[in-house]
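Structural features, examined
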Amino acid sequence: MTETAEQGEYQTGYEFVVVANRLAVNRTTNHDGSTGWQRSPGGLVTALAPIMTSSEGAWVGWHGAADETLDPFDHEGMHLHPVPLSEQEVEYYYEGFSNGTLWPLYHDVIARPLFHRHWWDAYRRVNQRFAEAAAKVAAVGATVWVQDYQLQLVPQMLRDIRPDVKIGFFNHIPFPPPGLFAQLPWRHSVMRGLLGADLIGFQRESDARNFQRAVRYRLGYYIKSDQVFVPLEEKTPAPLEGFTADPARGTAPRQLSTPEEGTFRRSEAKAFPISIDTERIVKLSNDPKIIARAAQIRAELGNPEHIFLGVDRLDYTKGIRHRMKAYEELLQEGKLQVGTHTLVQIASPSREGVESYQRLRDEIELTVGRINGEFDTMGHTAIRYLHHSYPIEEMVALYLAADVMLVTALRDGMNLVAKEYVAARKAGSGVLVLSEFTGAADQLRQALLINPHDIDELKAAMVQATHLDRENERKRMRSLRRQVVSHNVQRWAKDFLHRLDQL
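All values derive from a computational prediction rather than experimental measurement.

A complete count under the given rule lists 31 salt bridges for this structure. A salt bridge links Lys325 to Glu329; the nearest nitrogen and oxygen atoms lie 3.4 Å apart. Taken together, the residues span about one helical turn, with Lys325 and Glu329 both in helix H11 (residues 320-332) at a distance of four residues. On the basis of relative accessible area, Lys325 is assigned to the partly exposed category, the value being 42%. For Glu329, a relative accessible area of 18% gives the class buried. The structure contains a network of salt bridges with shared partners spanning Lys325, Glu329, Glu333, Lys335, Asp456 and Lys459.

Laid out in structure tokens, this is it:
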């Protein structure tokens, strides 16, 4: 944008724009059959809604229904701009490339990623639509914050349209080591897409380092102190004989020395660990009704000495099978006993139209049935398995009822359930068994940290959790709570946006 006349059409735009795969609201159906909207309960919306309300912000995202176009609308002080998606785009861009290619690749190839060119084409097309929507609503010089792995091409696409805006990007899931990322046929396009942002945020320092190493090795860009020096003009080397240069696939890296001033712009890549709405969790944990509900849950389970709790989306990255294997072996060995101990597993539905997730659900349910068939008594159940989603009030009651929280993810960007459990344990009791492969493990060092692939280590931690003396247990939990309470999701958003403003 070079002329103020061209900027004129954006004078009435919004100063702060969030771009995410989904809008900040969910559609609801009332008793009379009419439909409405309800604010999404997630931490991202909780953190950003007040900022949007105070700064005339807009949220750009898909509203959740395929083949439907909606006009922009306002809800609870937020300006919402729906981006339409066709049913085929949902299949190719979201279920396909986002969750069939990127999700398994970024989670250490726990499942095999699929590389389909028509998925990539849809991903690129949808990202362009999101970028154009953001460009349309952003005011001159606005701050635009793009969220997560579904929209990795948006930063550069938006910069091409609106070089006047300040662009941030946050990756909510892990970023893989360069050797794994190299499998992606369109790796260069993804890196260049992300580098369109002024600030790229990751959950862990290791994720930021993985991205920087990939950029250095694959693109040859100069990097210093988290700053990537992105060339303003980049010539494409001649293709190999007999081949045509493909910009989507990128080119061989060119090792750059320190670039001259005026030939580059900076893009910073660093860690900003996300957190939860701690205040809300603490408030709910003090609610007499929720405290009573927690006591009722324990009574319904037969008042065991120790309740183990797992709360996960039904996903192959969460280590649910490893957790159940460890629990089953402890029952077989007599180190845990049904009646004295019980496991409650919440597995909220996830991507039920995807075949691999259907197979996982069948496998988990067969495992639960086998364990319960072998170890249940007339009065007690070994595993109480619940394939439902629950409101936050019920979740806090479960956190209060559980003596041991099991977070055994094989790979996780952060895992906010671990932080929610800690925030709810205001009395100082409770033990968190936490996978070292979660982002939360970098901050929650007083948890019992385990390698979930090591079943013996997981079993030992579960037994240790039931035998910790009270003083040790409370000391650990007090330390964990100090971390979570002082680093809430509002602070995360404030820190990111402050750094983006500095840049």
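Turning our eyes to something else, we now look at unusual backbone geometry. You will see that Asp67, though not glycine, has its phi angle at about 55 degrees, which is positive. Locating Asp67 in the fold gives a position in the loop between strand E4 (57-62) and strand E5 (73-75). Under the relative-accessibility criterion, Asp67 is labelled exposed at 55%. Unusually for a residue other than glycine, Asp108 sits at a positive phi of about 60 degrees. With respect to the helices and strands, Asp108 occurs in the loop between helix H3 (87-106) and helix H4 (117-137). Using a relative accessible area of 32% as the deciding quantity, one classes Asp108 as partly exposed.

In this structure, Phe130 and Phe211 are the most contacted members of the largest nonpolar core, which totals 96 residues. A per-element tally of this core places H4 first, with 10 residues. Counting residues in each nonpolar core, the second largest holds 66 residues, with Met78, Leu398, Met405 and Trp492 among its members.

Scoring rules and cut-offs
- Residues numbered from 1 in each chain as written.
- Predicted model: local features only at pLDDT ≥ 70, side-chain atom pairs only at ≥ 80, totals over all residues.
- Heavy atoms only, no water.
- Salt bridge = Lys/Arg side-chain N within 4 Å of Asp/Glu carboxyl O.
- Helix = DSSP H or I, 4+ residues; strand = E, 2+ residues; numbered from the N terminus.
- Buried < 20%, exposed > 50% of the residue type's maximum accessible area, 1.4 Å probe, protein only.
- Core = buried A, V, L, I, M, F, W, Y, C linked by side-chain atoms within 4.5 Å.

Note that every value here comes from positions in space, so none of it alone points to a role or purpose.
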